[in-house]
Amino acid sequence: MVSTTNAPTTALRVQARPAGFFVDVASVAQRAIRQIPREPEAVIPALIVPIFFYVLNIGALSKITHQAAGFSFKSFELPVAVVFAVTGVSRASALVTDIQNGYFDRLVITPVRRLPLLLGLMTADLTLVMALAIPVVVVGLALGVRFHAGVLGIILFVVLSGIWGLVFTGLPYAIALKTGNPGAVNASFILFFPITFLSTTFVPKPYLQGWLGTVANYNPMTYILQGLRSLIVGGGGIPGPLQSWNPAYLGQAVLAIAAFGAISLSLALLALRGRVRRS
Amino acid sequence: MPEPAIVTEDIARQFGDFWAVAGVDLEIAAGEIYGFLGPNGAGKSTLVRMLCTLMRPTRGRGLVAGHDVANEPEQVRLRIGVALQDAALDDRQTGRELLDLQGRLYGLRRAERSVRVEQVLRLVDIGSAIDRQIKTYSGGMKRRLDLAAALIHDPDILFLDEPTTGLDPESRAAVWEEVRSLNEQHGTTIFLTTQYLEEADELADRVGIISRGRLVAEGTPDELKRTVGTDVIVARVESLTDTTLQTLRSVPGVDEVVGAHQEVMVHAANGAAVMSPVALALHDAGTTVVSLTLRTPTLDDVFLQLTGSHLQDGAPSDRSERSSEHSEHPDPPAGEDARAPDRGSDKSTKGART
């Protein structure tokens, strides 16, 4: 309630109160989103690197794969390019900076609920990874990739990729909150490599031999790529039966994302609880 | 009688084997400026972090605005504003964005935030820089913005943890003026930690002196200074010996003699009257005098008397009469403020005058 007093510099006295859960999330998210264009050095590589490797890979391997396996490598690789763009992009480094310079303490001293301190950042991350996925898809479309699942398929493709990017952020956030160490957060990028490369990143599952095939069977990325590919060419495994909106492939992709998210987000929430426990 | 703004009862905090705060009792009235004075590592910031709900006490309790800091942290947070030791800001926001976000987190509506931002800006005088990114601010501007952020929700109680450390004299004077203005115009209770004597002397209604995690003295600046006498003669000498100290103690009218390194403090009720005898005594003791000055006591003299160390350089007063009383408590390592408590020994320094 706004009230007026006669004091010369106190025309307005205000009463602090809890802002509410969603206002807290929106407030934290808005600040994080506002920072993104102010840190172009953190965003531009996340966009350029996957597009560069996408164009490089399809330029180098398209003919071989087409002759050997008879499928479109640029369609096969587009999900990989999008996953590269959205995996590992987070505000975890900014969170560590907040922890180190004391701004996190300033936030914690306010009446803000603890969970929105993380959810707000993740909301900003989701916005950013969606924004990163779209130009990669546009490049794919410009190079001739066609989505058998249509426009709705493109939307689902971007949404699934974005949600995958979001759940992956649980790992760097867990490390950021647990350690408060920028070096440890940067090192979390190492997790990106086994998850993305020990999978059907470059060849279809039937061609994976030996231990790599076994590891790929247990890697959630295999099922995420399979689901995303099914929206482009119909048969997610390629080669295989062409079928748009394959419920089995899409269901497995959703389950893989959910399972990974259950672990990564639990770790992040545990780390948040530890950080704000006031021990 | 109004409820005290801050009460602590044997509040303590332990890190490993060390007690950063080793049991402190405080009662601070609403509307008071309380200065918490002590050297680096004395436990000031740890106490502030406990009272601001950032850290749980290991034992004892703290009440802020009538709410327990350990069990009702949400209630405490609504009523306090905090500016921690280093200005806690986000360099990539503008000052206005930071203040607006702060207001949102305290539940202020858009219209309230808009007016409050303008009000606190008038108070802390940041000018047009408020719309620039904080990374362009000077140290003094950052500190003032930090203070503005602590005030955006019009708190009843304000914690300022070393608000002027590292500031140039002009910026320091500006912050002092802002603190005074807040207290006088808004009635805000202010808990101020500092390692600067002048700051406590200038601003505080009452001062608590903390050393090694314990409150060793408390009172108004004048009361505290009166405990060491009315005048102090400071003699800087080339070398200090026990003979010099003994000779000075025998001078009529001298209340107490405290030596530290190459400096002797001679306390006397009437400094001007004993100035000449002190100079002669130094000459008789064969001591070469570098300088001899007469001044009124400072809080540093109080601190020296109570702890055997100067406040701002932490130099041990190895020739103090009280040095033997403290020899069993060596200075803890940096960041580890106090040894395990040996409760009740600190105030034994009182009455240890020559």
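K.L.:
Give me the lowdown on the overall build of chain B, citing residues and values where you can.
P.N.:
A tally of regular secondary structure across chain B gives 12 helices and 14 strands. Long-range contacts, defined here as pairs at least 24 residues apart, represent 71% of the contacts in chain B between residues at least 6 apart.

K.L.:
Can you tell me about the overall build of chain A, naming the residues and giving the values?
P.N.:
Secondary structure summary: chain A contains 13 helices and zero strands in total. Moving toward the C terminus, one meets the helices and strands of chain A in the order α-α-α-α-α-α-α-α-α-α-α-α-α. Buried positions account for 44% of the 279 residues belonging to chain A. A fraction of 75% describes how many contacts in chain A between residues 6 or more apart in sequence connect residues 24 or more apart.

K.L.:
Give a detailed account of the packing of helix 3 (residues 95–105) of chain B against helix 5 (residues 139–151) of chain B, specifying residues and quantitative values.
P.N.:
Residues and elements named next belong to chain B. Orientation of helix 3 relative to helix 5, taken along the N-to-C sense of each, is 25 degrees, at an axis distance of 9 Å. Classified by the interaxial angle, the pair formed by helix 3 and helix 5 is roughly parallel. Considering only the axes of helix 3 and helix 5, their crossing is right-handed. Packed against helix 3, whose contacting residues are Gly-95, Leu-98, Leu-99 and Gln-102, the element helix 5 presents Leu-145, Ala-148 and Ala-149 at the interface. Tallied by class, the residues present in the contact of helix 3 with helix 5 amount to five nonpolar, two polar and no charged.

K.L.:
So what's going on with the environment of Asp-100 of chain B? Residues and values would help.
P.N.:
Residues and elements named next belong to chain B. Within the secondary structure, Asp-100 is located in helix 3. Sequence separation of Asp-100 and Val-266 is 166 residues, and the distance between their C-alpha atoms is 54 Å. Apart from the residues within four sequence positions on either side, Asp-100 is in contact with Arg-113 and Val-117.

K.L.:
Describe unusual backbone geometry, naming the residues involved and giving the relevant values.
P.N.:
Residue and element names in this part refer to chain B. The backbone of Asp-10 shows a phi angle near 50 degrees, a positive value even though the residue is not glycine. One can find Asp-10 in strand 1 (residues 6–15). Residue Asp-10 is classed as partly exposed on the basis of its C-beta count, with 16 C-beta atoms lying within 10 Å. Positive phi, normally seen in glycine, also occurs at Asp-154, with a value near 60 degrees. A count of 20 C-beta atoms within 10 Å places Asp-154 in the buried class.

K.L.:
Kindly report on the pairing of strand 6 (residues 80–83) of chain B, identifying the contributing residues and their values.
P.N.:
Residue and element names in this part refer to chain B. Neither face of strand 6 is open: one carries Ile-80 and Val-82, the other Gly-81 and Ala-83, and all of them are buried. Bridge count between strand 6 and strand 7 (residues 157–161): four bridges; the pairing is parallel. The residue of strand 7 that forms the bridge with Val-82 is Phe-159.

K.L.:
Describe the domain arrangement of chain B, listing the residues and the values that go with them.
P.N.:
Residue and element names in this part refer to chain B. Looking at chain B, the domain boundaries give domain 1 (6–220) and domain 2 (228–329). Using only C-alpha atoms to locate each centre, domain 1 and domain 2 end up separated by 36 Å. Every contact between the two is made by 12 residues of domain 1 and, on the other side, 11 residues of domain 2. Of all the secondary-structure elements, those providing two or more residues to the side of domain 1 that touches domain 2 are helix 7 (197–203), strand 9 (206–211) and strand 10 (214–219).

K.L.:
Break down the environment of Tyr-196 of chain B for me, with residues and values.
P.N.:
Residue and element names in this part refer to chain B. Structurally, Tyr-196 can be placed in the loop between strand 8 (189–194) and helix 7. Classification of Tyr-196 as partly exposed rests on a count of 19 C-beta atoms within 10 Å. Here the alpha-carbon distance between Tyr-196 and Leu-299, two residues 103 residues apart in the chain, equals 9.4 Å.

K.L.:
Please give an account of the interface of chain A and chain B that cites residues and values.
P.N.:
It is common to give the size of an interface as the accessible area that goes away when the parts come together. If you look at the interface, chain A gives 33 residues, while chain B gives 34 residues. Elements supplying a minimum of two residues to the side of chain A that touches chain B: helix 1 (21–35), helix 4 (92–101) and helix 5 (103–109) of chain A. Per-element tally for the side of chain A that touches chain B: the top contributor is helix 1 of chain A, with six residues. The residue inventory of the side of chain A that touches chain B, partitioned by class, reads 15 nonpolar, eight polar and 10 charged.

K.L.:
Describe in detail the confidence of the model for chain A, supporting the description with residues and values.
P.N.:
Residues and elements named next belong to chain A. Mean pLDDT for chain A: 85, with 87% of residues reaching 70 or above. By mean pLDDT, the top-scoring element of chain A is helix 1 (95), and the lowest-scoring one is helix 2 (residues 40–69) (76). Contacts of residues 1–11 to residues separated by more than four positions or lying in other chains number 18 contacts, the stretch itself having pLDDT below 50.

K.L.:
Outline the packing of helix 7 (residues 150–168) of chain A against helix 12 (residues 220–233) of chain A, listing residues and values.
P.N.:
All names here are of chain A. Between helix 7 and helix 12, the least distance of the axes is 9 Å, while the angle of their chain directions is 165 degrees. One way to sum up the angle between helix 7 and helix 12 is to call them roughly antiparallel. The handedness of the crossing between helix 7 and helix 12 is left-handed. Here Gly-153, Leu-156, Phe-157, Leu-160, Ser-161 and Trp-164 of helix 7 come into contact with helix 12, specifically with Ile-224, Gly-227, Leu-228 and Leu-231.

K.L.:
Can you explain the sheet that holds strand 10 of chain B? Please cite residues and give values.
P.N.:
Residues and elements named next belong to chain B. Reading across the sheet, the six strands line up as 6-7-8-3-9-10 and stay open at both edges, with mixed pairing between neighbours. Two strands lie at the open edges of the sheet, namely strand 6 and strand 10, each paired on one side alone. With direction set aside, neighbouring strand axes in the sheet form an average angle of 15 degrees. Examined bridge by bridge, strand 9 and strand 10 share five bridges and lie antiparallel to one another. Bridge pairing in strand 10 links Ser-211 to Arg-214. Across the sheet, helix 5 lies against strand 6 and strand 7, angled at about 165 degrees from strand 6, the strand it touches most. Strands strand 3 (33–37), strand 9 and strand 10 of the sheet are contacted by helix 11 (residues 299–307), whose axis makes an angle of about 40 degrees with strand 9.

Rules of the game
- Residues numbered from 1 in each chain as written.
- Chains lettered and ligands numbered in written order.
- Predicted model: local features only at pLDDT ≥ 70, side-chain atom pairs only at ≥ 80, totals over all residues.
- Helix = DSSP H or I, 4+ residues; strand = E, 2+ residues; numbered from the N terminus.
- Contact = placed C-beta atoms within 7 Å.
- Buried ≥ 20, exposed ≤ 12 C-beta atoms within 10 Å, placed from the backbone.
- Axes fitted to C-alpha atoms, helices over the stretch in contact; angles between N-to-C directions.
- Parallel < 35°, antiparallel > 145°, perpendicular 65-115°, else oblique.
- Left-handed = near helix turned anticlockwise from the far one by under 90°.
- Nonpolar A, V, L, I, M, F, W, Y, C, P; charged D, E, K, R; others polar.
- Pairing = 2+ DSSP bridges.
- Domains from an automatic or database assignment.
- pLDDT = per-residue confidence, 0-100.

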